[in-house]
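Working through the structure, step by step
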Amino acid sequence: MVSTDVERPAVGIGRARSLATRRPPRPRRVKDGLDDRLFMVGVYVLLTTFLLVVLLPLVYIVASSLSDPLAVSSGRVSFWPVDFTLEGYRRVLSDPSILTGFGNSIFYTLVGTAISLVLTVSIAYPLSRRDLWGRRGITLFVVFTMLFAGGIIPTYLVVQNLGMLDTRLALVLPQAIGVWQVIIAMSFFRTSIPDELYEAAQLDGASDLRFLVSTVLPLSKPLLAVIALMYAIYQWNSYFDALLYLRDPDLYPLQLVLRNVLILNQTAPGLDAAAALERQQLADLMKYSLIVISTVPVMLVYPFVARYFNKGLLVGAVKG
Amino acid sequence: MPVGVGAAGAAPTLRDRDKQRGWPGARRSLQRHWQLYLLMLAPLLYFVVFKYVPMTNAVIAFKDYNVVDGVWGSDWVGLKHFERFFSNPIFWPVLRNTFLLSAYVVLASFPVPIVLALALNEVRLRFFKNTVQMVTYAPYFISTVVVVSMTILFLSPRLGLAGDVTQFFGLGRIDFLSDPNYFRHIYVASDIWQTMGYSAVIYIAALAGIDPALYEAARVDGANRWQKIVNVDIPGIMPTAMIILVLGVGNVMAIGFEKAYLFQNTLNISQSEIIPTYTYKVGLLSAEFSQASAIGLFNGVINLVLLLGVNALVKRLTGSGLW
């Protein structure tokens, strides 16, 4: 994480204390006074509260997803599974609309991320080159779209006129480039690719494209990883474009399926009354399992990408 | 990550050779870098098609759009759609809801990440620090749909934990979701829950960038931890905090559609209907394209004015704006 450690052993102080207490020198710092120790107790209490506030709802969801439908429906589950069962997951994973959604989301995430990444690099690299004529104007042209947008309906009309309504393209093209990602990539290229490399490549007779592919991109792997993951998580999590542009349930991404099941409470019709109650209980359970299943992929990659995310975030923040 | 060693040394030659102004410079640059311009074609086409064409399409706000005549063939009607929106009894409530909700989000979610970052900055137990940071950061990656579903499940009087808690305090089982007065609090609380760890990152970085000499000086002066926070940490992150606040205020009308729409139900609509959700309903559910574009344009212009105004104000006060 970004937490840089400023603690280096301060030799003098450590030795003074070790002489007094006959203990091996501990790194750094004067001993805290009483007020400071009380203060630190407060800090730890505060942070533990933050930790629990975030963690407990997540634990509650996971515990519920592993519990018996009856216990879930009657609200008996708190932070530990009651009558452990995998029934919820079994049901979720055998539901065709959810599986379709899962497959679709994987498709949109892979294809969308690839398109976004290629387009972002294609605009960000040239704009990062100081010797490119018209760079400022084009940058302004790109950044202006951050300030003002046509709106939902005018964009919808474009998608409609292109004949992309109810096609998979509608989810991977209209939001393909994020201006923020372009800015991050631009400042990375500008600060991390030394001009000497370009000079040398030119002397060797390499073209701009050749230089980009064989020198710049291999040097930019961390950046490419950050940008790709930003796009991937965005694609995996978004539902709005699908809500706008898709009518055919076979094309729905997982998030839209989730919204229909979790928030609109849609369940399959045509069941007799006796089965309805049991059905309701199962539906409650399935909500929890669904939440877990749809979030697990993101949570699995997140710890590995968090540090790069921070880097990307900060690169963008430092040089806008 | 590679470091730009000695980039400054080579820069002048590059600049001297290629930085010619005017058309000769353009022609030279085009000849020399035609591959780069070619590379930019596809992304630029994207911006034209999906960003600038919608901006021109927004003229249907001043027309009676119909599918047959298209955007440019439809009849001009001037400000009719704006007037219709302004005289609609829903106009003031929706404007008020939008403004109150986003102002509440901006103000309430502003101090939390700062407190989190300041507290984390004090902790030396690495494991604890990293755990808190990782865990509070995690919800940022959870989708809006899932966060809203979790909140609904949590607050549901039949299933959720919140009912147990309010009952424990003798308040009975409050149905938070169907009472419009709770809508904004629920929205803001879930927003803070989701973004505080993410927003804290930028402050943690700002804290790490504070000159160690200042801490040294504070220690020499006998400052305790609290005094150090007040006199060194907080002034140190003030510029960052101000930028974040300005951005928030400037974007007050640009509040997202996604979450409000998901939290909406027929019972809380009196407070949960905001301009973006209303635009969506008018435009796509009732297919009144021109009316919806007028509302969207109105919102976009207010937002642009706010952003430019706030930026100008900050520039005057501090000498440096966002751009």
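This one's a predicted model, so the numbers in the text were calculated from it and none came from an experiment. (Residues numbered from 1 in each chain as written. Chains lettered and ligands numbered in written order. Predicted model: local features only at pLDDT ≥ 70, side-chain atom pairs only at ≥ 80, totals over all residues. Heavy atoms only, no water.)

Some points on the overall build of chain B
On a plain count of helices and strands, chain B comes out with 16 helices and two strands. For chain B, with 323 residues in total, the buried portion stands at 51%. The long-range share in chain B, meaning contacts at least 24 apart out of those at least 6 apart in sequence, stands at 60%. Counting only carbon and sulfur atoms, one obtains 67% of the accessible surface of chain B, whose full area is about 15,400 Å². (Helix = DSSP H or I, 4+ residues; strand = E, 2+ residues; numbered from the N terminus. Buried < 20%, exposed > 50% of the residue type's maximum accessible area, 1.4 Å probe, protein only. Contact = heavy atoms within 4.5 Å. Areas by Shrake-Rupley, 256 points an atom, 1.4 Å probe, with all protein chains shown as cover.)

Thoughts on the overall build of chain A
Of the regular secondary structure elements, chain A holds 15 helices and zero strands. Per-residue burial over chain A gives 49% buried out of 320 residues. Considering only contacts in chain A between residues 6 or more positions apart, those separated by 24 or more positions represent 69%. Element-wise, carbon and sulfur atoms account for 66% of the exposed surface of chain A, whose accessible area totals about 15,200 Å².

Considerations on the confidence of the model for chain B
If pLDDT is low for a region, its predicted coordinates should not be looked at in detail. For chain B, per-residue confidence averages 82 on the pLDDT scale, and residues scoring 70 or more make up 90% of the total. Taken as a whole, residues 1-17 of chain B scores under 50 in pLDDT and shows 28 contacts with residues more than four places along the chain or in a different chain. (pLDDT = per-residue confidence, 0-100.)

Here's the deal with helix 11 (residues 208-219) of chain A
All names here are of chain A. Compared with the 16 Å implied by 1.5 Å per residue over twelve residues, the 15 Å span of helix 11 between its first and last C-alpha is a close match. Taken together, the buried positions of helix 11 are occupied by Asp208, Phe211, Leu212 and Val216. Considered in projection along helix 11, the buried side chains sweep an arc of 95 degrees and stay on one side of the axis. For helix 11, the exposed residues lying more than 90 degrees away from the buried face are Arg210 and Val213. (Expected span 1.5 Å × (residues − 1). Arc of directions from axis to C-beta.)

A short note on the nonpolar core
The biggest cluster of nonpolar side chains holds 179 residues, and the ones touching the most others in it are A:Leu47 and A:Phe189. No other element matches helix 10 (residues 180-208) of chain B, which puts 14 residues into this core. Setting aside residues up to four positions removed in sequence, A:Leu47 forms contacts with B:Leu116, B:Ala119, B:Leu120, B:Val123, B:Phe128 and B:Val132. (Core = buried A, V, L, I, M, F, W, Y, C linked by side-chain atoms within 4.5 Å.)

Some remarks on the interface of chain B and chain A
With 113 residues of chain B in contact, the opposing surface of chain A contributes 115 residues. With both sides pooled, the region where chain B packs onto chain A buries about 10,500 Å², and carbon together with sulfur makes up 73% of that total. For the chain B face of the interface with chain A, the top three residues by lost area are B:Phe50, B:Phe141 and B:Arg225, together amounting to 7%. In this structure, the connection of chain B to chain A is made through zero salt bridges. Seen at the junction of chain B and chain A, the total is 18 residue pairs in polar contact (both at pLDDT 80 or more). In terms of residues, the side of chain B that touches chain A owes the most to one element, helix 2 (residues 22-57) of chain B, which gives 26 residues. Classifying every residue of the side of chain B that touches chain A by side-chain character gives 78 nonpolar, 21 polar and 14 charged. (Buried area = accessible area lost by both parts, 1.4 Å probe. Salt bridge = Lys/Arg side-chain N within 4 Å of Asp/Glu carboxyl O. Polar contact = N/O pair within 3.5 Å; in protein donor to acceptor, adjacent residues only side chain to side chain. Nonpolar A, V, L, I, M, F, W, Y, C, P; charged D, E, K, R; others polar.)

Thoughts on the environment of B:Asn303
All names here are of chain B. For Asn303, the position within the fold is in helix 16 (residues 289-318). Accessibility expressed as a relative area gives 8% for Asn303, which makes it buried. With 52 residues separating them in the primary sequence, Asn303 and Asn251 have C-alpha atoms 6.2 Å apart.

Thoughts on the environment of B:Thr151
All names here are of chain B. Its location among the elements puts Thr151 in helix 8 (residues 144-155). Relative accessible area serves as the criterion here: at 14%, Thr151 is assigned to the buried category. With 35 residues separating them along the chain, Thr151 and Ile186 place their C-alpha atoms 8.1 Å apart.

What to know about the side chain of B:Ser109
Residues and elements named next belong to chain B. Positionally, Ser109 belongs in the loop between helix 5 (91-108) and helix 6 (111-122). Within polar-contact distance, the side chain of Ser109 engages the backbone oxygen of Val105 at 2.4 Å. Those residues in contact with Ser109 that lie beyond four places of it in its chain are Tyr104 and Ile192.

As for the packing of helix 5 (residues 96-128) of chain A against helix 14 (residues 254-263) of chain A
Residue and element names in this part refer to chain A. Here helix 5 crosses helix 14 at 150 degrees, and the two axes come no closer than 7 Å. Between helix 5 and helix 14, the interaxial angle falls into the category roughly antiparallel. Residues Ser97, Ile98, Gly101, Phe102 and Ser105 of helix 5 form the contact with helix 14, whose own contacting residues are Leu254, Gln255 and Val257. Considered class by class, the residues forming the contact of helix 5 with helix 14 number four nonpolar, four polar and no charged. (Axes fitted to C-alpha atoms, helices over the stretch in contact; angles between N-to-C directions. Parallel < 35°, antiparallel > 145°, perpendicular 65-115°, else oblique.)

Side note on the pattern of salt bridges
According to the stated counting rule, one finds ten salt bridges over all chains in the structure shown. Between A:Arg130 and A:Asp195 there is a salt bridge whose closest N-O contact spans 3.4 Å. Here the residue A:Arg130 occupies a position in the loop between helix 5 and helix 6 (135-147), and A:Asp195 occupies one in helix 10 (residues 195-203), the gap between them amounting to 65 residues. With a relative accessible area of 33%, A:Arg130 lands in the partly exposed category. A relative accessible area of 11% means that A:Asp195 is categorised as buried. Residue B:Lys228 pairs with B:Glu122 through a salt bridge whose shortest N-O separation is 2.9 Å. Of this pair, B:Lys228 sits in helix 12 (residues 225-250) while B:Glu122 sits in helix 6, and the two are 106 residues apart along the sequence. The exposure class assigned to B:Lys228 is buried, which follows from its relative accessible area of 15%.

Regarding the packing of aromatic side chains
With the rule as written, the count across this model stands at 35 aromatic pairs over all chains. Ring centres 5.6 Å apart and planes at 80 degrees place the aromatic pair A:Phe102 and A:Trp236 in the edge-to-face group. A residue pair is termed long-range when its members are at least 10 positions apart, and A:Phe102 in helix 5 and A:Trp236 in helix 12 (residues 221-237) qualify at 134 residues. Under the relative-accessibility criterion, A:Phe102 is labelled partly exposed at 21%. Using a relative accessible area of 8% as the deciding quantity, one classes A:Trp236 as buried. These aromatic residues form a ring-pair network of at least three members: B:Phe85, B:Phe86, B:Phe91, B:Trp92, B:Tyr278 and B:Phe298. Directly above the ring of A:Phe107 sits A:Arg168, whose terminal nitrogen or CZ lies 5.1 Å from the centroid. Its guanidinium or amino end placed over the ring of B:Trp76, B:Lys63 lies 4.5 Å from that ring's centre, counting from NZ or CZ. (Phe/Tyr/Trp six-rings, centres within 6.5 Å; stacked < 30°, edge-to-face > 60°. Lys NZ or Arg CZ within 6 Å of the ring centre and 35° of its normal.)

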